[in-house]
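Secondary and tertiary structure notes
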Amino acid sequence: MTTHTISQDLAPTGTLRASINLGNPVLAQGTPEAPAGITVDLAREIAARLGVGVELLCFDAARKSFDAMADGRADLCFLAVDPARETEVAFTAPYVVIEGVYAVPRGSALTTVEEVDAPGVRIGVKKGSAYDLFLSRSLARATVVRGEEGVDVFRTEGLEVGAGIRQPLTAYAGEHPEVRLIEGRFMEIRQAVGTTVGRRPETVAFLRDTVEELKANGFVAESLRRSGQDAGLLAPPA
C-alpha cells in the first residue's frame, strides 16, 4: 500500500486532523492557538510522512478528544489505551507510559493504594479520563466522583481521595502542604496513537510502525525533553 493510498485513507480531507488533549500536561502544553508537546510533534511528523498538512484540534479533556474521533471530526487521536475506547479506536502500542496516583489530605489514615478501595471512600476523578474508566471498572467498594478536574472535585467537595496523573498531582501537592500523595501507583496509563477502527489494516500498520520507529530513533525521548517532561516516560518497544 503506497503512502498516497494511506494518506487518502487516514486524511481523506487532504489535511490530517489531529485531536490534542491540552488537559494532560505531560502530552501537550500551551494554548489552542499555539499547542506544543509530544502529541503535537507526533501529529506533525505523521502528517509530514504522508505529505499532507496538519490541523490541530485542541480540547481540555480526553473524553472530548475521544468524542472528536468518534464523531468523525478528527482522523488521529492521542489517548490512553482502554477497553472502553477500543470499540471505536484502533491503537498503536504506547509511546509513553505514565502513572495514575492518589492524593489525600495530609492527616488521612490512608497510606497505601490498596486501602483506598474501601466503603465510605470517595475518589475525585476527571470525567472520562483513563483513570476514571479504569477505577469505575475496577473498584469494588470505594465510590468515584466525577468532575471537570479530579483535584478540583477532591478539594471543593472535601473528598477522601483525589486521583490523577503523577506529574501534575505531584506539582499540586508541592504547592498545597495540606495534601500528600500515597506512595505507589494504582495504574499504568499507556498513552498511544489512535485512529478509527474503520481505517484500513495497512493504515493502522503504518501508524504502529511509525510509532515504533520514533520510539527507537530518539524522536519521542527528545520531544519529551524539549517540552520539559521526563524522557524516562518513553514506553518500551512493542
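The coordinates are above.
The rules behind each value
In this convention, every chain numbers its residues from 1, walking through the sequence in written order. For a predicted model such as this one, the threshold for reporting local features is a pLDDT of at least 70, and the threshold for listing and counting side-chain atom pairs is 80 or more; totals across whole chains, interfaces and linings nevertheless cover every residue. In computing side-chain properties, one takes all heavy atoms of the structure into account and sets aside hydrogens as well as water. Relative accessibility decides the category of a residue: with a 1.4 Å probe and only protein chains considered, values under 20% of the type maximum give buried, values over 50% give exposed, and everything between is partly exposed. In this text, helices come from DSSP runs of H or I with a minimum length of four residues, and strands from runs of E with a minimum of two, each type numbered from the N-terminal end. A pair of strands is labelled paired if DSSP reports no fewer than 2 bridges between them. Seen with the strands pointing away from the viewer, any crossover whose path from the first strand over the helix to the second strand runs clockwise is right-handed. Interaxial angles span 0 to 180 degrees and are taken between N-to-C directions of axes, which are lines fitted to C-alpha atoms, for helices over the stretch in contact. When describing relative orientation, an angle under 35 degrees is termed roughly parallel and one over 145 degrees roughly antiparallel, while 65 to 115 degrees is termed roughly perpendicular and anything else oblique. Only heavy atoms enter the contact rule, under which two residues are in contact if any of them lie within 4.5 Å. Amino acids outside the nonpolar list (Ala, Val, Leu, Ile, Met, Phe, Trp, Tyr, Cys, Pro) and the charged list (Asp, Glu, Lys, Arg) are all regarded as polar, and Gly is one of them. Definitions used throughout: a 1 Å grid over protein atoms alone; a cavity as a set of points that fits a 1.4 Å probe which cannot get out; a pocket as an open set with protein on both sides within 12 Å along at least five of seven lines; a lining residue as one with an atom within 4 Å of a point. Grid points are joined across faces, edges and corners, and a volume is the space filled by probe spheres set on the points. Any carboxyl oxygen of Asp or Glu that lies within 4 Å of a side-chain nitrogen of Lys or Arg is treated as forming a salt bridge with it.

Next up on the list: the pairing of strand 8 (residues 122–126). In terms of burial, strand 8 is largely enclosed, as four of its five residues are buried. Bridge analysis of strand 8 against strand 9 (residues 143–147) gives five bridges, and the strand direction is parallel. Counted as the bridge partner of Val125 is Arg146 from strand 9. Assessed by its sense of winding, the connection that carries the chain from strand 8 through helix 5 (residues 130–138) to strand 9 is right-handed. Summarising the sheet, strand 8 and strand 10 (residues 161–165) pair through two bridges and their orientation is parallel. Counterpart to Ile123 in the pairing with strand 10 is Val161.

With that out of the way, let us pick up the packing of helix 1 (residues 3–10) against helix 2 (residues 38–50). Two elements in contact, helix 1 and helix 2, have axes whose closest approach is 9 Å; the angle formed by their N-to-C orientations is 130 degrees. Looking at the two axes, helix 1 sits oblique to helix 2. Here Thr3, Ile6, Ser7 and Leu10 of helix 1 come into contact with helix 2, specifically with Ile46, Arg49 and Leu50. For the contact of helix 1 with helix 2, the residue count by class is four nonpolar, two polar and one charged.

Considered as a void within the structure, the largest pocket measures approximately 360 Å³ in volume. Lining the largest pocket are 25 residues, and of these Gly23, Lys126, Tyr131, Glu149 and Ile165 sit closest to its centre. Contributions of two or more residues to the lining of the largest pocket are made by strand 5 (76–80), helix 5, helix 6 (150–156), strand 10, helix 7 (166–175) and strand 12 (187–196).

Before going further, it helps to examine the side chain of Asp132. Relative to the helices and strands, Asp132 is located in helix 5. When residues no more than four places from it in sequence are discounted, the contact partners of Asp132 are Val125, Lys126, Lys127, Val144 and Arg146.

Counted by the stated rule, this structure contains 20 salt bridges. Across the pair Asp60 and Lys64 runs a salt bridge, and its minimum N-O distance is 2.8 Å. When its relative accessible area of 41% is taken as the criterion, Asp60 is described as partly exposed. The partner of Asp71 in a salt bridge is Arg73, with the nearest N and O atoms 3.1 Å apart. Classification of Asp71 as exposed rests on a relative accessible area of 54%. The class of Arg73 is partly exposed, set by a relative accessible area of 39%. In the salt-bridge network here, residues are joined through shared partners; they are Asp41, Glu222, Arg225 and Arg226.

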